[in-house]
Protein chains: 2
Amino acid sequence: MSLSETLQEHKEELLSALEEGRRDTLDEQLPELRAADLAEILEDLLAEDEGVETVLALLDCLPIERRANVLGYLPGEEQLALSEAMSDETLLKVLEEMGSDERADLFNLLDEDRRESLLRRMARQEREDLKRLASYEEGTAGAIMTSDYVAIPCGMTVSQAMMRVRQTAPDAETVYQLYIVDRDGRLAGTLSLRQLMVARPGAQVDELMIKDVISVSVDEAQEEVARLVARYDLLAVPVVDHEQRLVGIVTHDDAMDVAESEATEDIHKGMSIGQLEDGVSRVPLWSLYRKRVTWLVLLVFANLFSGAGIAYFEETIAAQVALVFFLPLLIGSGGNAGAQAATLMVRGMATGDVGVKDWGKLLGRELLVAGSLGLTMALAVAPIGVMRGGEAVAMIVALSMVTIVLFGSLIGMCLPFVLDRVGWDPATASAPLVTTLVDASGVLIYFSIATAMLT
Amino acid sequence: MSLSETLQEHKEELLSALEEGRRDTLDEQLPELRAADLAEILEDLLAEDEGVETVLALLDCLPIERRANVLGYLPGEEQLALSEAMSDETLLKVLEEMGSDERADLFNLLDEDRRESLLRRMARQEREDLKRLASYEEGTAGAIMTSDYVAIPCGMTVSQAMMRVRQTAPDAETVYQLYIVDRDGRLAGTLSLRQLMVARPGAQVDELMIKDVISVSVDEAQEEVARLVARYDLLAVPVVDHEQRLVGIVTHDDAMDVAESEATEDIHKGMSIGQLEDGVSRVPLWSLYRKRVTWLVLLVFANLFSGAGIAYFEETIAAQVALVFFLPLLIGSGGNAGAQAATLMVRGMATGDVGVKDWGKLLGRELLVAGSLGLTMALAVAPIGVMRGGEAVAMIVALSMVTIVLFGSLIGMCLPFVLDRVGWDPATASAPLVTTLVDASGVLIYFSIATAMLT
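Everything numeric in this text was worked out from a predicted model, so none of it was measured.

## Observations concerning the overall build of chain A
For chain A, the count of helices and strands is 22 helices and six strands. Its C-alpha radius of gyration of 30 Å places chain A more than 25% over the 23 Å reference for a compact globule of 455 residues. Here the C-alpha coordinates of chain A stretch approximately 90 × 60 × 40 Å along the principal axes. Scored against the burial criterion, the 455 residues of chain A give a buried share of 57%. When contacts within chain A are restricted to residue pairs at least 6 apart in sequence, long-range pairs at least 24 apart make up 67% of them. Entry remark: accessible area of chain A is about 19,300 Å², with carbon and sulfur atoms responsible for 53%. Charge separation in chain A, taken as the distance between the mean sites of 37 positive and 72 negative side-chain charges, equals 7 Å.

This is the structure:
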């Protein structure tokens, strides 16, 4: 992660103030920086020698609340490194001020002993809340939700609810969406602060609330949560347990983060790269190797089919070595068109634009588009065929191009649907996989046409 | 776009109620559907024969406000088709109730004559506002912003501001973030409704407001706006003109939509597909062809370098035709590793995880990872080399594999940085482009090694 120039300047000023013990400069500079920006500076410092000491010294100049806030913007690994260098007492104070979702995430990174020792020092309710939030499986709504929401009991009046909002304002993640719960804690309805503000003070929240609430279960996949927030333009989505009890909310900003990391995951998957636990510049090398090697080696073996095809046609090749000239071009073109077709389908399925039911219609469209693409590319390559080997070779190459591009596009287009059908992730139809499959079929198509036309 | 089963049921009920003229069923069913869901049903209906008439009949059963709301969830083309079938009078009413950003988008799709005729019927201020919003270039902050925000003049007290919020609540896109403007309309600060609610009623907003506001210029790129909203967890970001006057806001939900469509664009670009104006299942065939063909044809010519390499080594090939067996495998493997490396860099640069400054460090990392990948793949392919052509061929193939994978990965890793350096979009380093470049180098590496070792 490289710092922008402005942040670099800030970093240097902070460092020199810290070295020279100019506390007043620090007190002046630090509050001016936004949490996300300060976190970026700290992350950069942590990569240096003795970074942990420097960063802790800087954090010490901040009030606890802001310290917790900045910490929340750091990646997990960095949070852990800093936590390990803090005393139990300081860490407890910081944890207390963090958002409940971030607190649970950090807690999960700590080692067993540290967790036990911290839990022992906590008040009972705080302990239960933390243990509960920390228990949800990663990638679920439970793991990204916060318990800092405003719950309003059924039967409250508008003015009582307003009072409750004012009281909760400093701690809640959002006060703009209120959740009405019945006596058993079950989600009964929702009300926006906007509606509350224009309502008659004596009215009961039950009369005003929207009863048909969009909510998710604690074990719902996080990408589904993000999709709901995007689809219905929500500020936050409530999370309920299996008894419909309200247990948390996922706010729009966390949903946006999920959407971004899901997009990254999809992009990587499209190139047969497994899910990385961190950014590419920070993930351990061993992990990067493992996430890339699996498919690369599998595809080496898949590529043997191309080799087998070539071995089968060795006589044709030996008789007309000039044919090899066009081999990379033809199979490469088919692979490119196929990878395009697969990518369009996979992304369409991920965003909800394409459904399995649309397969028939899309097949017809792809036939037309791929046919036209193949013809265009055949026209482009035909003159080269004439130049390299005369009209016969040009015919072979042009005919192969149309067939390979058409066939490759159809493989690319259909593979995501087939994978989805058998219960796999359609995104497994990555560019490398499609390219490899198309390579093998391309070899067969090209040399079959050549053998037929030359003999 | 295929409908989920629940929506399909709703659609059929609505249709039969409409046919049989059961207005009471419609009045009961329609309000139960969320705008986004109803829009999906309508979109599905519009694809059928006489869809426009059916949809207009359904829309007629809704109050104008909801009609405008549902319309806003439809894709542009569908909005246009419906607008064209509405009378000026109805369309005017609907436009009036739409969010100002959606109104401007729809207005821009209408033809010249219709626009003129609508403008003539509008009040002056409304007309000016619409013309202004409609004038911003697509893809900029100006084009996605709304003018329905809450502006509070400097000098107002907290209680006056609260009154203003209550008055504006029904029309504003968000009332949760307030913007304080000076006498010339310049953005002076911002205040959250949360802060306002807990403040002393007699205090002035100027004392409370945050002066260091994150804002964007009207001509800022929309992806940059989305990035700011995500980075600083904003509810909305204010948009200012070149004199720092507040002209609009971009809300979190619109920023999330932008982030999604930017991710789609990046994914498509990664496969050398140009920017589509609509989902893959809906975009016109001609457009889909055009957006795919450019690079495919360019790459046909780029692939000629591979052919030229092969032509140069024709003697080696003729002497040892068995070498062709490994050609697709070797260049395919290099292409896959290279495409992975390029994708990791391009996505890292898009999310801000990787900066141009990190190039050196990342080069070192890639050398290590790609070297290990190459060795692993060489070990996988070596036994096949022994089987097909003995130890000499196995050595050639294994050595070529390491070299090609290493070289391919380096090309893939460096290309995005080089493109960025010369002012191009790093995402131009697509999988097909990298694969094609690596193919050509792979041919040269393989046959050079073979020629050297066999003679």
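Back to the write-up after that little detour.
## A closer look at a nonpolar patch on the surface
A cluster of nonpolar residues, Met395, Leu399 and Met453 of chain A, forms a patch on the protein surface that exposes about 270 Å² of accessible area. Among the secondary structure elements, Met453 of chain A is positioned in helix α22 (residues 431–454).

## Here's the deal with the relation of the copies chain B and chain A
Between the two chain copies there is a screw-like relation: a rotation about an axis and a shift along it. Each copy of the sequence occupies a distinct position, and chain B is placed on chain A by a rotation of 180° and an axial shift of 0.1 Å, giving an RMSD of 0.2 Å. Between the two chains, the operation in question is that of a two-fold axis. Comparing interface residues between copies, 100% of those in chain B also lie at the interface in chain A; the contact surface is shared.

## What about the sheet that holds strand β3 (residues 187–192) of chain B?
All names here are of chain B. Read from one edge of the open sheet, three strands run β1-β2-β3, paired in mixed fashion. Edge positions in the sheet fall to β1 (151–153) and β3, since each of these pairs with one other strand and no more. Looking at each pair of strands side by side, their axes are set apart by 30° on average, direction ignored. Bridging between strand β2 (residues 177–181) and β3 involves five bridges; their strand directions are antiparallel. Bridged to Ile180 within β3 is Gly189.

## Here's the deal with the UniProt feature "transmembrane region" (unreviewed entry) in chain A
All names here are of chain A. With numbering aligned to this structure, UniProt lists the feature "transmembrane region" (unreviewed entry) at residues 293–313, 319–346, 367–386, 392–419 and 431–454. Secondary structure across residues 392–419 comprises 100% helix and 0% strand; the distance between its end C-alpha atoms is 40 Å. The span residues 431–454 carries 100% helix and 0% strand; its end-to-end C-alpha distance comes to 33 Å.

## Here's the deal with the pairing of strand β6 (residues 246–251) of chain A
Residue and element names in this part refer to chain A. Burial of β6 is extensive: six of the six residues sit out of reach of the surface. In the sheet, strand β5 (residues 236–240) pairs with β6 via five bridges, with the strands oriented antiparallel. Across the sheet, residue Val239 finds its bridge partner in β6, namely Gly248. With antiparallel pairing between neighbouring strands as the criterion, β5 and β6 make up a hairpin whose turn holds five residues, including Gln244 at a positive phi of roughly 65°.

## Thoughts on the domain arrangement of chain A
When the parts come together, some accessible area is lost, and that loss is often what is quoted as the size of the interface. Each assigned domain of chain A is listed here: domain 1 (5–135), domain 2 (151–260) and domain 3 (303–454). Once you take the C-alpha centre of each, domain 2 of chain A and domain 3 of chain A turn out to be 52 Å apart.

## A word on the UniProt feature "domain: CBS" (unreviewed entry) in chain A
Here, UniProt's "domain: CBS" (unreviewed entry) annotation points to residues 145–207 and 209–265 of chain A. Structurally, residues 145–207 of chain A comprises 32% helix and 22% strand, and the distance from its first C-alpha atom to its last is 28 Å.

## A word on a negative patch on the surface
A cluster of acidic side chains, namely Glu102, Asp105, Glu137, Glu138 and Asp219 of chain A, defines a negative patch on the protein surface. For Asp105 of chain A, the location among the structural elements is in helix α8 (residues 100–109).

## Comments concerning the environment of Ala143 of chain A
Of note, Ala143 of chain A is situated in helix α11 (residues 141–144). C-alpha of Ala143 of chain A to C-alpha of Ala221 of chain A: the two residues are 78 residues apart in sequence and 9.7 Å apart in space.

## A word on the interface of chain B and chain A
Across the contact, 122 residues belong to chain B and 122 residues belong to chain A. Roughly 10,600 Å² of surface becomes buried between chain B and chain A when both sides are summed, with 64% attributable to carbon and sulfur atoms. When residues of chain B are sorted by the area they lose upon contact with chain A, Arg194, Met256 and Arg292 of chain B head the list and together hold 7% of the total. Linking chain B with chain A are 10 salt bridges. Here Glu314 of chain B makes a salt bridge to Arg388 of chain A, at a shortest N to O gap of 3.8 Å.

## A short note on the pattern of salt bridges
Evaluation of the coordinates by the stated rule reveals 46 salt bridges over all chains. The residue Lys11 of chain A makes a salt bridge to Glu48 of chain A at a minimum N-O spacing of 2.9 Å. Of this pair, Lys11 of chain A sits in helix α1 (residues 5–19) while Glu48 of chain A sits in the loop between α3 (35–46) and α4 (51–60), and the two are 37 residues apart along the sequence. By relative accessible area, which is 6% here, Lys11 of chain A ends up buried. For the salt bridge of Arg34 of chain B with Asp212 of chain A, the shortest nitrogen-to-oxygen distance reads 3.3 Å. Placement of the pair is Arg34 of chain B in the loop between α2 (23–29) and α3 (35–46) and Asp212 of chain A in the loop between α14 (205–208) and β4 (216–217), with the two residues belonging to separate chains. For Arg34 of chain B, a relative accessible area of 24% puts it in the partly exposed group. Taking relative accessible area as the criterion, Asp212 of chain A reaches 44% and is therefore assigned partly exposed.

## A closer look at the sheet that holds β4 of chain A
Residues and elements named next belong to chain A. With mixed pairing, the three strands of this open sheet are ordered in space as β4-β5-β6. Whereas interior strands pair on both sides, the edge strands pair on one side only; in this sheet they are β4 and β6. Contacting β5 and β6, helix α16 (residues 252–269) crosses the sheet at an angle of about 65° to β6.

## Description of the packing of helix α17 (residues 285–302) of chain B against helix α18 (residues 304–312) of chain B
Residues and elements named next belong to chain B. At a minimum axis distance of 4 Å, the contact between α17 and α18 shows a crossing angle of 15°. Taken together, α17 and α18 sit at an angle that is classed as roughly parallel. Facing α17, whose interface residues are Val300, Phe301 and Ala302, α18 presents Leu304, Phe305 and Ser306. Here the contact of α17 with α18 is composed, by residue class, of five nonpolar, one polar and no charged.

What counts, and where the lines are drawn
- Every chain is numbered on its own, with residues counted from 1 as its sequence reads.
- Ligands are numbered from 1 and chains lettered from A, in the order in which they are written.
- For a predicted model such as this one, the threshold for reporting local features is a pLDDT of at least 70, and the threshold for listing and counting side-chain atom pairs is 80 or more; totals across whole chains, interfaces and linings nevertheless cover every residue.
- For the side-chain quantities, the full set of heavy atoms in the structure was used; hydrogens and water were omitted.
- Secondary structure elements are taken from DSSP: a helix is a run of H or I of four residues or more, a strand is a run of E of two residues or more, and numbering for both begins at the N terminus.
- Radius of gyration means the value over C-alpha atoms here, while the globule rule gives 2.2 Å times the residue count to the 0.38 power.
- Think of it in three bands: with a 1.4 Å probe and only protein chains considered, a residue is buried below 20% of the maximum accessible area for its type, exposed above 50%, and partly exposed in between.
- Note on contacts: a residue pair qualifies if any of its non-hydrogen atoms lie within 4.5 Å across the two residues.
- All accessible areas in this document rest on Shrake-Rupley with a 1.4 Å probe, and a residue is counted as covered only by the protein chains that are shown.
- Charge convention: Lys and Arg are scored as positive, Asp and Glu as negative, and His as well as the terminal groups of each chain are ignored.
- Every charge is mapped onto a representative atom, which is NZ of Lys, CZ of Arg, CG of Asp or CD of Glu.
- Without a salt bridge and with relative accessible area above 30%, a residue can belong to a patch; like charges are then joined within 9 Å and nonpolar side chains (Val, Leu, Ile, Met, Phe, Trp, Tyr) within 5 Å.
- By salt bridge we mean one thing: a side-chain nitrogen of Lys or Arg within 4 Å of a carboxyl oxygen of Asp or Glu.
- Alignment of copies: least-squares fit on C-alpha atoms of residues with pLDDT of at least 70 in both copies.
- For two strands to count as paired, DSSP must find a minimum of two bridges between them.
- Interaxial angles span 0 to 180 degrees and are taken between N-to-C directions of axes, which are lines fitted to C-alpha atoms, for helices over the stretch in contact.
- UniProt positions are given in the numbering used here, feature names are shortened, and annotations may be inferred rather than shown by experiment.
- Domain delimitation in this document rests on an assignment produced automatically or drawn from a domain database.
- Computed with a 1.4 Å rolling probe, the buried area is the accessible surface lost when two parts are put together, summed over both parts.
- Angular relationships are summarised with four words: roughly parallel below 35 degrees, roughly antiparallel beyond 145, roughly perpendicular across 65 to 115, and oblique for the angles in between.
- Gly is placed with the polar residues, together with every amino acid not listed as nonpolar (Ala, Val, Leu, Ile, Met, Phe, Trp, Tyr, Cys and Pro) or charged (Asp, Glu, Lys and Arg).

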